[in-house]
Amino acid sequence: MPDLPLSVELAREHREIDNGIQTFIEKLVCGSVRHELLTETLAALRRHIYLEEVFLFPPLREAGIVMPIFVMMREHGQLWRTMDALTDLLADSNDTGRLADTCTQLLDQLHQHNSKEEPIIYPSADTALPLQTSAELTRFIETGRAPDGWMCQQAGA
Ligand SMILES: [Fe+2]
Ligand SMILES: [Fe+2]
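Each chain carries its own residue numbering, running from 1 in the written order of its sequence. As a convention, the first chain written is A and the first ligand written is 1, with the rest following in written order. This being a predicted model, a pLDDT of at least 70 is required before a residue's local features are given, and a value of 80 or more before pairs of side-chain atoms are given or counted; all residues contribute to the totals for chains, interfaces and linings. Side-chain numbers come from the whole structure's heavy atoms, not from hydrogens or water.

The protein chain carries the name Hemerythrin domain-containing protein in an unreviewed UniProt entry, which gives Mycobacterium helveticum as its organism.

Below, the structure is given as structure tokens:
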């Protein structure tokens, strides 16, 4: 299979998620609430966090990358709470100002997170994963789904 390195696939997901939120904000500014676009983008972000916490992080932690992963997990919790707030805003509010502000907050948090994760964690995704995990993660990126109701470890922290 002509797979790209995992680090490239994972960074591509970052960009797709950023673009989804960015487009949602742009449409919002023009007065259109693209409900489905934001719902799909948040689902993609939850799935991305799932694959990191379930497939990627445990073996890297075992390989000694402990502190950076601790920081990433804590930030996942912050991202998760902002996503929950957005889901609520989308469900029962026409407050497009707050919706836009909270989307901007999520984009800022993602920028903070991804700008560390890509240089510090992702290179090890290509070099430090057991072969089987690497294959499982590649397969998950192509077709996998996070279980319904799954929450990241620090979602409630
Ligand atoms: Fe992450
Ligand atoms: Fe990520």
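*Asks:* Please clarify how the packing of helix α2 (residues 35–62) against helix α3 (residues 66–92) should be interpreted in this entry.
*Replies:* Helix packing geometry: the angle between the two helix axes and the distance between the axes. Fitting a line to C-alpha atoms yields each axis, with helices limited to the stretch in contact; the angle taken between N-to-C directions then spans 0 to 180 degrees. Secondary structure is summarised from DSSP: a helix means a run of H or I of at least four residues, a strand means a run of E of at least two, and numbering begins at the N terminus for each. The interhelical angle for the contact between α2 and α3, taken along N-to-C directions, is 160°, at an axis separation of 11 Å. Between α2 and α3, the interaxial angle falls into the category roughly antiparallel. For α2 against α3, the interelement crossing comes out left-handed. Side by side, α2 and α3 meet where H35, L38, T39, L42, L45, R46, I49, E52, E53, F57, L60 and R61 of the first sit next to V66, I69, M72, M73, H76, L79, W80, M83, D84, L86, T87 and L90 of the second. Throughout, the ten residues Ala, Val, Leu, Ile, Met, Phe, Trp, Tyr, Cys and Pro are labelled nonpolar, Asp, Glu, Lys and Arg are labelled charged, and all others, Gly among them, are labelled polar. For the contact of α2 with α3, the per-class residue count stands at 15 nonpolar, four polar and five charged. Should an angle lie under 35 degrees it is considered roughly parallel, over 145 roughly antiparallel, and from 65 to 115 roughly perpendicular; all remaining angles are considered oblique. By convention the crossing between two helices is left-handed if the near helix lies anticlockwise of the far one by an angle smaller than a right angle, and right-handed if it lies clockwise. Contacts were defined at the residue level, with two residues in contact if any of their heavy atoms lie within 4.5 Å.

*Asks:* What exactly am I supposed to notice about the side chain of T133 here?
*Replies:* In this structure, T133 sits in helix α6 (residues 131–143). For T133, a relative accessible area of 15% puts it in the buried group. Excluding anything up to four places from it in sequence, T133 contacts F55 and P59. Each residue gets one of three labels from its accessible area relative to the maximum for its type: buried under 20%, exposed over 50%, partly exposed in between, using a 1.4 Å probe on protein chains only.

*Asks:* Where do I start with the coordination of the iron ion (ligand 2) in this structure?
*Replies:* For a metal with four donors in a tetrahedral arrangement, the ideal angle between donors is 109.5 degrees, while six donors in an octahedron ideally sit at 90 or 180 degrees. Counted as donors are N, O and S atoms no farther than 2.8 Å from the metal, or 3.2 Å for Na, K and Ca; water is not among the atoms, and sites may therefore look incomplete. The coordination sphere of the iron ion (ligand 2), as far as protein atoms go, consists of H14 (NE2), H48 (NE2), E52 (OE), E117 (OE) and Y122 (OH), spread over 2.0 to 2.2 Å. Coordination of the iron ion (ligand 2) draws on donor residues from a single chain, spaced H-x33-H-x3-E-x64-E-x4-Y in sequence. A distance of 3.3 Å spans the gap from the iron ion (ligand 2) to the iron ion (ligand 1), which E52 bridges by coordinating each metal. Across the pair, exposure class does not vary: E117 and Y122 are buried alike.

*Asks:* Looking at this structure, how should I read the layout of surface pockets?
*Replies:* Using a probe with the size of a water molecule, rolled over the atoms, empty space left in the structure can be pinpointed. In this structure, the largest pocket occupies an estimated 230 Å³ of space. Here a cavity denotes grid points, spaced 1 Å and computed from the protein atoms alone, that fit a 1.4 Å probe unable to get out, and a pocket denotes an open set having protein on both sides within 12 Å along at least 5 of 7 lines; residues with an atom within 4 Å of a point are the lining. If you go around the largest pocket, the residues you meet are A43, A44, R46, R47, W80, G144, R145, A146, P147, D148, G149 and W150. The greatest single-element share of the lining of the largest pocket, amounting to four residues, is contributed by α2. In the lining of the largest pocket, the residues fall into six nonpolar, two polar and four charged. Grid points are joined across faces, edges and corners, and a volume is the space filled by probe spheres set on the points.

*Asks:* Explain the pattern of salt bridges here, please?
*Replies:* Side-chain pairs of opposite charge can arise where the charged atoms are in close proximity. Just to be clear on terms, a salt bridge is a Lys or Arg side-chain nitrogen sitting within 4 Å of an Asp or Glu carboxyl oxygen. Taken as a whole, this structure holds six salt bridges when the rule is applied. In this structure, R12 engages E9 in a salt bridge whose closest nitrogen and oxygen atoms are separated by 2.5 Å. Here the residue R12 and the residue E9 both occupy positions in helix α1 (residues 6–29), the gap between them amounting to three residues, near one helical turn. Residue class for R12 comes out partly exposed when judged on its relative accessible area of 29%. When its relative accessible area of 15% is taken as the criterion, E9 is described as buried. For R12, the salt bridge is made with E16, and the minimal N-O distance between the two is 2.8 Å. Of this pair, R12 and E16 both sit in helix α1, four residues apart, which is roughly one turn of the helix. Overlapping salt bridges, with partners in common, bring together E9, R12 and E16 in one network.

*Asks:* Got a minute to help me understand the environment of R46 in this structure?
*Replies:* Take R46: it is sitting in helix α2. Separated by 34 residues in the primary sequence, R46 and W80 have C-alpha atoms spaced 7.7 Å apart. Setting aside residues up to four positions removed in sequence, R46 forms contacts with W80, M83, D84, T87 and W150.

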